[in-house]
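# Coordinates in review
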Amino acid sequence: MPAFRVDQIDHVELFVPDRRTAAEWYARTLGLYIATEFEHWADDPRGPLMLTTGEAGTKLALFTGDPPMHRPPAGFHRVSFLVTRLGFEAFLQHVKENPVFDRAGVEVRELAVSDHGLAHSVYFQDPYGHHLEVTTYDLGATKERTDREN
């Protein structure tokens, strides 16, 4: 019998005050959309509203509840989304019209790129205090731009 291994992360559960409002923010900001095949799960007030990336199949499960900004830290610290170099550059431009939030809950329209050598990332929060990241391992022009800015 072959050794067991998982294929990928299926979903991450997040608690938000209103699942539909949160879904609109995630659609506008990260391009996630409601996974229609699971949408009926949200008919149950205790059920999730599933958002997906589509291509990769990674999902967020939005549950109604107290978000991190209203309770002590617990659980996972951050959700990171992988993009191509072009996607990374596009996201940096995208937040200028679709703001994200800093740790204090203040809207931000420009993000500082963190150079990790083999990857570049930007860190931010959603309106509910969940820590998020967009990262790329495809550096190309992104690396050149970061070098020019430093």
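Right above here is the structure, for reference.
Residues numbered from 1 in each chain as written. Predicted model: local features only at pLDDT ≥ 70, side-chain atom pairs only at ≥ 80, totals over all residues. Heavy atoms only, no water.

## Quick notes on the pattern of salt bridges
Counting across every chain of the model gives three salt bridges. The closest approach of N and O atoms between Arg20 and Glu39, which form a salt bridge, is 2.8 Å. Here Arg20 is found in helix H1 (residues 19–30), whereas its partner Glu39 is found in the loop between strand E2 (33–34) and strand E3 (49–52), with 19 residues between them in sequence. Look at Glu39 and you get partly exposed, because its relative accessible area is 26%. Arg109 is the partner of Glu107 in a salt bridge, and the nearest nitrogen-oxygen pair spans 3.8 Å. Classification of Glu107 by relative accessible area gives partly exposed; the value is 46%. Relative accessible area serves as the criterion here: at 41%, Arg109 is assigned to the partly exposed category. (Salt bridge = Lys/Arg side-chain N within 4 Å of Asp/Glu carboxyl O. Helix = DSSP H or I, 4+ residues; strand = E, 2+ residues; numbered from the N terminus. Buried < 20%, exposed > 50% of the residue type's maximum accessible area, 1.4 Å probe, protein only.)

## What to know about the environment of Thr53
Structurally, Thr53 is set in the loop between E3 and strand E4 (59–64). For Thr53 and Leu32, which are 21 residues apart along the polypeptide, the C-alpha to C-alpha distance reads 5.2 Å. Not counting residues within four places of it along the chain, the set of residues in contact with Thr53 comprises Leu32, Tyr33 and Thr58. (Contact = heavy atoms within 4.5 Å.)

## Some thoughts on the packing of aromatic side chains
According to the stated counting rule, one finds four aromatic pairs in the structure shown. Relative to Phe124, the ring of Phe91 has its centre 5.4 Å away and its plane inclined at 35°; by these criteria the two rings are tilted. Here Phe91, found in helix H2 (residues 85–94), pairs with Phe124, found in strand E9 (residues 120–125); they are 33 residues apart in sequence, far enough to count as distant. The exposure class of Phe91 is buried, given its relative accessible area of 7%. (Phe/Tyr/Trp six-rings, centres within 6.5 Å; stacked < 30°, edge-to-face > 60°.)

## Some words on the layout of surface pockets
Taken as a whole, the largest pocket holds about 650 Å³ of empty space. Residue lining of the largest pocket: 26 residues in total, with Thr53, Thr58, Ser80, Phe81 and Leu82 positioned closest to the centre. Listing elements by their share of the lining of the largest pocket, those giving two or more residues are strand E1 (11–16), H1, strand E5 (79–82), H2 and strand E10 (131–136). Classifying every residue of the lining of the largest pocket by side-chain character gives 14 nonpolar, nine polar and three charged. (1 Å grid on protein atoms, 1.4 Å probe; cavity = no way out; pocket = protein on both sides within 12 Å on 5 of 7 lines; lining within 4 Å. Points joined across faces, edges and corners; volume = space filled by probe spheres on them. Nonpolar A, V, L, I, M, F, W, Y, C, P; charged D, E, K, R; others polar.)

## Quick word on the side chain of Gln125
The residue Gln125 is located in strand E9 in this model. A polar side-chain atom of Gln125 sits 3.4 Å from a polar atom in the side chain of His131. Apart from the residues lying within four places of it in its own chain, the contact partners of Gln125 are Trp25, Val100, Phe101, Asp102, Arg103, His130, His131 and Leu132. (Polar contact = N/O pair within 3.5 Å; in protein donor to acceptor, adjacent residues only side chain to side chain.)

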